[in-house]
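The residues making up each chain are set out below.
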Amino acid sequence: MSNIEKRYQEAKERYAELGIDTEAAINRLQKIKLSVHVWQGDDVKGLLNPYGELTGGIQSTGEYPGAAHTASQLRSDLEEAYSLIPGKHKVNLHAMYPDTTEKVDLDTLESRHFTPWVQWAKEQGIGIDFNPTFFSHPMYKDGYTLSHPDKSVRDYWIEHGKRTRKISEYMGKELGQVSINNFWMPDGSKDNPVDRLAPRIRLEESLDEIFKEGLDERYTLDALEQKLFGIGAEAYTVGSHEFYIGYAVSRGKVLNLDAGHFHPTEEVSNKLTALWPFIDKGIMLHVSRPVRWDSDHVVTQDDALQGTANEVIRNHFDESGRFFIGMEFFDASINRIAAWVIGTRNAQVALLRAMLEPTQELREAENEFDYTKRLVYTEELKNYPVGDVWNYFCEKNNVPIGLNWYPKVKDYERNVLLKRK
């Protein structure tokens with residue numbers, strides 16, 4: 001018996017004293033697929049114009065060497081990251097990452113331009129989620145896309161949105177699992193507008209046109225992602241949280257909650273159960289860590305992450321078939337592969353910790369107004385050996401344990417990343 005397994009057996013016994021089945025928790029965690037975002041690997045540059053300026057309120061800071069510049073480099077980097085993350089997951093791909101020698105634009109993209117990504121995903125045994133790209137493009141005009149007053153601008157982006165839906169459906173069908181196609185538009189105003197209604201009516205009409213054609217929901221689902229503000233849109237965002245709640249409920253769409261797209265004092269964890277009864281198609285979560293603003297820092301094991309994981313697990317959202325989790329951060333100041341590994345593994349640890357509590361017993365105590373027991377247990381459980389269960393989970397999945405994954409990232413950096421121009 002390895003030392004890892006020995007410590008796990010000791011932890012298993014401690015948790016069993018509270019009626020917690022660690023094996024059931026491990027099996028449950030094994031089934032959760034996290035959608036790992038491509039754009040951490042290249043600082044959100046994309047492949048249509050990889051050295052262009054970021055627009056749409058997005059900013060990636062830092063000059064750490066080794067950013068990917070091609071689709072093959074991105075896939076290689078993702079493979080390295082996946083080899084250090086336990087479980088089988090998905091990749092979250094933006095429309096600005098086609099792999100083709102053809103000259104294409106966002107309004108001429110077709111499924112064939114992403115065939116190499118699909119073939120690679122088949123080889124890796126993973127799924128793909130997708131996103132239209134409504135930023136960093138000349139047709140992002142005056143801070144607006146689908147809500148722009150110029151019909152020609154709206155029509156361009158409507159065509160782009162329609163094409164991404166077809167591409168997402170193709171990906172889902174080829175890979176045998178649903179592809180979430182997530183719509184986020186940066187439309188908004190730096191200062192207070194006089195007319196807040198007209199852009200929202202235009203956005204509603206544009207989205208209705210994009211979604212007019214019914215697609216097979218076994219293969220693709222449309223999601224809508226809100227934002228409080230962005231750089232250049234500090235005063236007014238057309239696609240606000242309230243707008244997309246109304247749209248998702250009335251049109252039968254998935255609602256995406258990005259942890260960084262709210263006021264710093266708001267908690268995404270509290271929104272999940274408030275929205276769950278009303279969003280029939282489901283909720284997607286983008287796991288991020290805002291600092292001061294929507295800065296998309298690498299996810300750490302903080303209270304906000306744990307609070308969200310608790311709500312997901314306590315309410316069995318992960319087992320519902322209508323809850324989806326994507327990672328969302330981009331930091332160019334550190335090793336980009338390490339960023340993927342740190343953030344994704346932290347999200348998994350938070351989910352595991354939430355699974356290792358006697359939820360039913362705590363619920364019963366709460367229903368009996370025994371708040372003392374609730375606080376005693378939830379606090380003491382923070383000192384329980386979740387790390388030993390996590391290490392065993394990593395060992396079972398043949399990925400490095402503890403700090404052992406970091407030397408592998410540094411080797412890859414020396415042998416691959418630092419040789420890139």
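K.L.:
Kindly report on empty space enclosed by the protein, identifying the contributing residues and their values.
P.N.:
Taken as a whole and judged by the stated rule, the model has one cavity of 30 Å³ or more. Estimates place the volume of the largest cavity at around 220 Å³. Lining of the largest cavity is provided by 22 residues; of these, Ile58, Phe135, Trp184, Glu328 and Phe330 occupy positions nearest its centre. Top element by residues in the lining of the largest cavity is strand S11 (residues 293-297). It accounts for four residues. Classifying every residue of the lining of the largest cavity by side-chain character gives eight nonpolar, eight polar and six charged.

K.L.:
Residue-level account of the packing of helix H2 (residues 22-30) against helix H13 (residues 386-396), with values.
P.N.:
Where H2 meets H13, the axes come as close as 11 Å, and the angle between the chain directions of the two elements is 55°. Put simply, H2 runs oblique to H13. Crossing hand, H2 versus H13: right-handed. When H2 is examined against H13, the residues Thr22, Glu23, Ile26, Leu29 and Gln30 are found in contact with a partner set consisting of Val389, Trp390, Tyr392, Phe393 and Lys396. Looking at the contact of H2 with H13 residue by residue, the class counts come to six nonpolar, two polar and two charged.

K.L.:
Can you lay out the pairing of strand S6 (residues 220-225) for me, pointing to particular residues and giving the numbers?
P.N.:
Within S6, six of the six residues are buried, leaving the element largely enclosed by the surrounding structure. Here S6 shows a buried face lined by Thr220, Asp222 and Leu224 and a second buried face lined by Leu221, Ala223 and Glu225. Note: S6 against strand S8 (residues 254-258), three bridges, orientation parallel. Following the sheet pairing, Glu225 is matched in S8 by Asn256.

K.L.:
Please provide a residue-by-residue account of the pattern of salt bridges, values included.
P.N.:
Side-chain pairs of opposite charge can arise where the charged atoms are in close proximity. Overall, the coordinates contain 31 salt bridges when judged by the stated rule. For the salt bridge of Lys122 with Glu174, the shortest nitrogen-to-oxygen distance reads 2.7 Å. Here Lys122, found in helix H4 (residues 115-124), pairs with Glu174, found in helix H5 (residues 151-175); they are 52 residues apart in sequence, far enough to count as distant. Residue classification places Lys122 among the partly exposed residues on the basis of a relative accessible area of 38%. We classify Glu174 as partly exposed; its relative accessible area is 37%. Between Arg163 and Glu159 there is a salt bridge; the shortest N-O distance is 2.8 Å. Here Arg163 and its partner Glu159 are both found in helix H5, four residues apart, which amounts to about one turn of the helix. Within this structure, Glu102, Glu110, Arg112, Glu159 and Arg163 form a network of salt bridges that share partners.

K.L.:
Describe in detail the layout of surface pockets, supporting the description with residues and values.
P.N.:
Estimated volume of the largest pocket: approximately 680 Å³. Lining the largest pocket are 26 residues, and of these Gln306, Asn310, Arg314, Glu357 and Thr378 lie nearest its centre. Of all the elements in the fold, those that place two or more residues in the lining of the largest pocket are helix H9 (303-314), helix H10 (336-355), helix H11 (359-367) and helix H12 (371-380). No other element matches the six residues that H9 contributes to the lining of the largest pocket. Among the residues making up the lining of the largest pocket, the classes are represented as eight nonpolar, seven polar and eleven charged. Estimated volume of the second largest pocket: approximately 520 Å³.

K.L.:
Lay out the side chain of Ser240 in plain terms, naming residues and giving numbers.
P.N.:
Among the structural elements, Ser240 can be located in the loop between strand S7 (236-237) and helix H7 (241-251). When its relative accessible area of 13% is taken as the criterion, Ser240 is described as buried. In this structure, Ser240 is in contact with Arg200, Gln226 and Lys227, ignoring residues within four places of it in sequence.

K.L.:
Which residues make up the packing of aromatic side chains, and what values go with them?
P.N.:
Two aromatic rings, taken as a pair, are described by how far apart their centres are and by the angle between their planes. Enumeration according to the criterion identifies 19 aromatic pairs in this entry. Between the aromatic rings of Phe134 and Phe183, the centroid separation amounts to 6.1 Å while the plane-to-plane angle is 40°, which identifies the pairing as tilted. Here the residue Phe134 occupies a position in the loop between strand S3 (127-131) and H5, and Phe183 occupies one in strand S4 (residues 179-183), the gap between them amounting to 49 residues. The buried category is assigned to Phe183, whose relative accessible area is 0%. Centroid distance Phe243 to Tyr247: 6.4 Å. Interplanar angle 15°. Geometry classified as stacked. A residue pair is termed a helical-turn pair when its members lie 3 or 4 positions apart in one helix, as Phe243 and Tyr247 do in helix H7 at four residues. Here Phe243 and Tyr247 have matching classes, each one buried. Ring-pair connections join several aromatic residues into one group, and the members of that group are Phe134, Tyr156, Trp157, Phe183, Phe211, Phe243, Tyr244 and Tyr247. One residue, Arg75, lies across the ring of Trp117, its end atom 4.9 Å from the ring centre. The aromatic ring of Phe211 is capped on one face by Lys253, whose charged end is 4.3 Å from the ring centroid.

What counts and how
- Residues numbered from 1 in each chain as written.
- Predicted model: local features only at pLDDT ≥ 70, side-chain atom pairs only at ≥ 80, totals over all residues.
- Heavy atoms only, no water.
- 1 Å grid on protein atoms, 1.4 Å probe; cavity = no way out; pocket = protein on both sides within 12 Å on 5 of 7 lines; lining within 4 Å.
- Points joined across faces, edges and corners; volume = space filled by probe spheres on them.
- Helix = DSSP H or I, 4+ residues; strand = E, 2+ residues; numbered from the N terminus.
- Nonpolar A, V, L, I, M, F, W, Y, C, P; charged D, E, K, R; others polar.
- Axes fitted to C-alpha atoms, helices over the stretch in contact; angles between N-to-C directions.
- Parallel < 35°, antiparallel > 145°, perpendicular 65-115°, else oblique.
- Left-handed = near helix turned anticlockwise from the far one by under 90°.
- Contact = heavy atoms within 4.5 Å.
- Buried < 20%, exposed > 50% of the residue type's maximum accessible area, 1.4 Å probe, protein only.
- Pairing = 2+ DSSP bridges.
- Salt bridge = Lys/Arg side-chain N within 4 Å of Asp/Glu carboxyl O.
- Phe/Tyr/Trp six-rings, centres within 6.5 Å; stacked < 30°, edge-to-face > 60°.
- Lys NZ or Arg CZ within 6 Å of the ring centre and 35° of its normal.

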